[in-house]
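# Residue-level structure breakdown
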Amino acid sequence: MAKPKKRYVCQACGSVSHRWQGQCADCAEWNTLVEDAPATVFSLKHDLSSGGRAVEFVDLDKPGEMPVRQKTGLAEFDRALGGGLVPGSAILMGGDPGIGKSTLLLQAAAKVAREGHGVVYVSGEEAAGQVRMRAARLGLSDAPVKLAAATGVRDILTSLGQMEAPKLLVIDSIQTMHSDTIEGAPGTVSQVRGCAFELIRYAKENGVALVLVGHVTKDGNIAGPRVLEHMVDVVMSFEGERSHQYRILRALKNRFGAVDEIGVFAMAGEGLEEVENPSMLFLSGREQPMAGSAVFPAMEGTRPVLVEIQALIVRLQSGATPRRAVVGWDNGRLAMLLAVLESRCGLSFSSAEVYLNVAGGYRLSDPAADLAVAAALVSALADKPLPDRSVWLGEVSLSGEVRPVAHGNTRLKESAKLGFERGFGPSDAKTGSAELKYAGLGQLSNLVDRVMSS
Ligand code: TYD
Ligand code: MG
C-alpha cells in the first residue's frame, strides 16, 4: 500500500499544504500549520463491494414521516427560517459581535420554553449570572429555560443524555466549545469542526433543533472552516449597523425552505422588537426632496421595502486620486455604473470623489437597484433633486440600457400604496395607474437628459 502523504492544515483558515511552513501561504498567519491525520488510502485490490451492512432505501413520497416545524413564536424569526424550527436540524447563526445574536436567541428560547417545550441554552461566552441578568432585563426570568455555562462538549452531551431531549438546544458560541478527543485550543479549525460534528449528531439522533452561534471575521465570513457551513442545514446571518437600531435576519442557506424572506427587528431597551411592517423604515422621512437622493422599491421575499439611496459628489481641485466609498451596496457595481454613465451618457466623474450610502444600515444586493443608484448619482452631480415622491427601478446593462426586473409591477403597486406618485424604470413595464404615473426610460441617457433639463 502506498504511504499516504503527510498533510498540514492551517488552524486559522483551513487551507491544506503538503509541507510544514512557519507561515500559512493562504492567510499569512504564523505557526498555524498542524499535521492532520492522513486519510486512509485503499488500494484498488481492496474490494468494497461486499461485506457491508444493508442500507435501507425508501421512496420520496413515503407518507407520515414529515417533521413538524416548531414555531418559536417570534414571528420574524420563524419567517426567516421558512416557517419555524425543523426538529433534528442544525442552524448556524452568524453575525458581528454585539449585533444581538445572544439577545435574539435568548428571546426565542424563552418563547419556546413558555409554550411548554424543553429548551437548553448553553453559554460558553458568559457566566450563568450574566445570562440571568440579561434575562431579567428582558423580562424573561420566569421562562423555564435550562441554562448552563459550559464549554466541554463531552460534559454537555453527557448531561443531555441523562435527561429528556429538549426541543431546542442553543450553543452560544461554537468557537468557545472544546472537545477533549481533539487536539488544539477552542476556536481552531479542528475543534470547531469536531465539536459541531458531535453536537449535530446528537441533534439528528434525538430530533432536537440545534442553533450554533458563530463568530464572524473582519471580512464577514463565519470564523473557522467553511466546512461548518456545509455541515449545517441552515445558515443565517444577523446583520445591521451597530449604530443603527434596525437588525435584519437573513437565511443564506436553507435546506428546508426559501432563502428570500427576511426577519426585521429593532434593538430597544427591552431587547429586540419585531418589526412587522418594514416598508417605510429605510426612508429618511424628509419633507423636501434633496439632490442626490433616490428611492428604490426593494422586495424582501413577499414584502416590499422602500430604501433611500444617497449619493454625494465632491469635485477635486488637485490631481489626487479621487475616493469612491460605498456603504450598503457593492463596490464593483458602483464602478460599473460610473463607467456606463461616463462612456454612454458623457458625464465625467474622473476628478470627483463619489460617496454612496444606503440609508438606515440596510444592505442592498438586488441589481434592480441600478437605476435608483444611477439616478442618485446624476442628481448629486447636477445638484438637482429628483421629482418629488418618485421611485426608481431597473437593471442597467453595460450598453446603458435600462432592463426589466423581477416583480416590477408588484413593486410599483406597493410604492403607490405607500404614497409614491411617480415611477421610473424600463420601457416595457406595462404599468401606470390612477395613483402612480409611470415613465419608461429605455436608455440611461434619457435619465440624464431628464435630470439635467429639470
Ligand atoms: P448581544 O446579544 O450580546 O450580541 P452578540 O451576542 O451578537 O454579541 O447584544 C449586545 C448588544 O445589544 C449590546 O451592545 C447592547 C444591546 N442591547 C440593547 O440595546 N438592549 C437590550 O435589551 C439588550 C439585551 C442588549
Ligand atoms: Mg453573544
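## Focus: the overall build of the chain
When helices and strands are tallied, the chain shows 10 helices and 21 strands. Counting only C-alpha atoms and orienting by the principal axes, one finds that the chain spans roughly 75 × 55 × 50 Å. A burial count over the chain gives 46% of its 454 residues as buried. Intrachain contacts of the chain at a sequence separation of at least 6 include 65% that bridge at least 24 residues. Per element, the accessible surface of the chain, about 23,100 Å² overall, is 51% carbon and sulfur.

## Digging into the packing of aromatic side chains
Two aromatic rings are characterised by how far apart their centres lie and by the angle between their planes. Tallying each qualifying case throughout the model produces two aromatic pairs. For the pair F238 and F265, a centre-to-centre distance of 6.0 Å together with 80° between the ring planes defines the contact as edge-to-face. A residue pair is termed long-range when its members are at least 10 positions apart, and F238 in strand 9 (residues 234-239) and F265 in strand 11 (residues 262-268) qualify at 27 residues. Judged by its relative accessible area of 3%, F238 falls in the buried class.

## Describing the site of ligand 1
For ligand 1, the set of nearby residues contains 16 residues, the closest of which are G98, K101, S102, T103 and G271. One nitrogen or oxygen atom from the main chain of G271 is found 2.8 Å from an oxygen atom belonging to ligand 1. When isolated, ligand 1 has an accessible area of 560 Å², and the protein chains bury 73% of it. Sorting the residues of the shell around ligand 1 by element identifies helix 2 (101-114), helix 3 (128-137) and strand 11 as the ones contributing at least two each. Ranked by the residues each element gives to the shell around ligand 1, the list is headed by helix 2, at three residues. Broken down by class, the residue content of the shell around ligand 1 amounts to five nonpolar, six polar and five charged.

## Some thoughts on the domain arrangement of the chain
One can read the domain layout of the chain as domain 1 (3-41), domain 2 (75-276) and domain 3 (281-452). For domain 1 and domain 3, the distance between their C-alpha centroids amounts to 47 Å.

## Observations concerning the side chain of S17
The residue S17 is located in strand 2 (residues 16-17) in this model. Here R19 takes part through its backbone oxygen, which lies 2.8 Å from a polar atom of the side chain of S17. Here S17 is in contact with R7, Y8 and L33, once residues within four sequence places are set aside.

## Describing the packing of helix 2 against helix 3
In the contact formed by helix 2 and helix 3, the axes pass within 11 Å of each other and the chain directions differ by 70°. Classified by the interaxial angle, the pair formed by helix 2 and helix 3 is roughly perpendicular. Crossing hand, helix 2 versus helix 3: right-handed. Here S102, T103 and L106 of helix 2 lie close against helix 3, whose contacting residues are V131, R134 and A135. Of the residues contributing to the contact of helix 2 with helix 3, the split by class is three nonpolar, two polar and one charged.

## So, the environment of R450
Within the secondary structure layout, R450 lies in helix 10 (residues 444-452). Of the residues examined, R450 reaches a relative accessible area of 37% and is grouped as partly exposed. Between the alpha carbons of R450 and L386 there is a distance of 9.3 Å; along the sequence they are 64 residues apart. When residues no more than four places from it in sequence are discounted, the contact partners of R450 are R422, F424, A439 and L441.

## A closer look at the packing of helix 7 (residues 331-345) against helix 8 (residues 370-382)
Close contact between helix 7 and helix 8 brings their axes to 11 Å; oriented N to C, the two are set at 60°. Relative to helix 8, the element helix 7 is oriented oblique. Between helix 7 and helix 8 lies a crossing of right-handed hand. Side by side, helix 7 and helix 8 meet where R333, L334, M336, L337, L338 and L341 of the first sit next to D370, V373, A374, L377 and V378 of the second. Each residue belonging to the contact of helix 7 with helix 8 can be placed in one class, and the counts come to nine nonpolar, no polar and two charged.

## Here's the deal with the sheet that holds strand 2
The three strands lie next to each other as 2-1-3, forming an open sheet whose pairing is antiparallel. Edge positions in the sheet fall to strand 2 and strand 3 (33-36), since each has one partner strand and no second. One ladder, built from two bridges, connects strand 1 (residues 7-10) with strand 2; its direction is antiparallel. Each bridged residue has a counterpart across the sheet, and for Y8 the counterpart in strand 2 is S17.

Basis of the calculations
- Residues numbered from 1 in each chain as written.
- Chains lettered and ligands numbered in written order.
- Predicted model: local features only at pLDDT ≥ 70, side-chain atom pairs only at ≥ 80, totals over all residues.
- Heavy atoms only, no water.
- Helix = DSSP H or I, 4+ residues; strand = E, 2+ residues; numbered from the N terminus.
- Buried < 20%, exposed > 50% of the residue type's maximum accessible area, 1.4 Å probe, protein only.
- Contact = heavy atoms within 4.5 Å.
- Areas by Shrake-Rupley, 256 points an atom, 1.4 Å probe, with all protein chains shown as cover.
- Phe/Tyr/Trp six-rings, centres within 6.5 Å; stacked < 30°, edge-to-face > 60°.
- Near = heavy atom within 4 Å.
- Polar contact = N/O pair within 3.5 Å; in protein donor to acceptor, adjacent residues only side chain to side chain.
- Nonpolar A, V, L, I, M, F, W, Y, C, P; charged D, E, K, R; others polar.
- Domains from an automatic or database assignment.
- Axes fitted to C-alpha atoms, helices over the stretch in contact; angles between N-to-C directions.
- Parallel < 35°, antiparallel > 145°, perpendicular 65-115°, else oblique.
- Left-handed = near helix turned anticlockwise from the far one by under 90°.
- Pairing = 2+ DSSP bridges.

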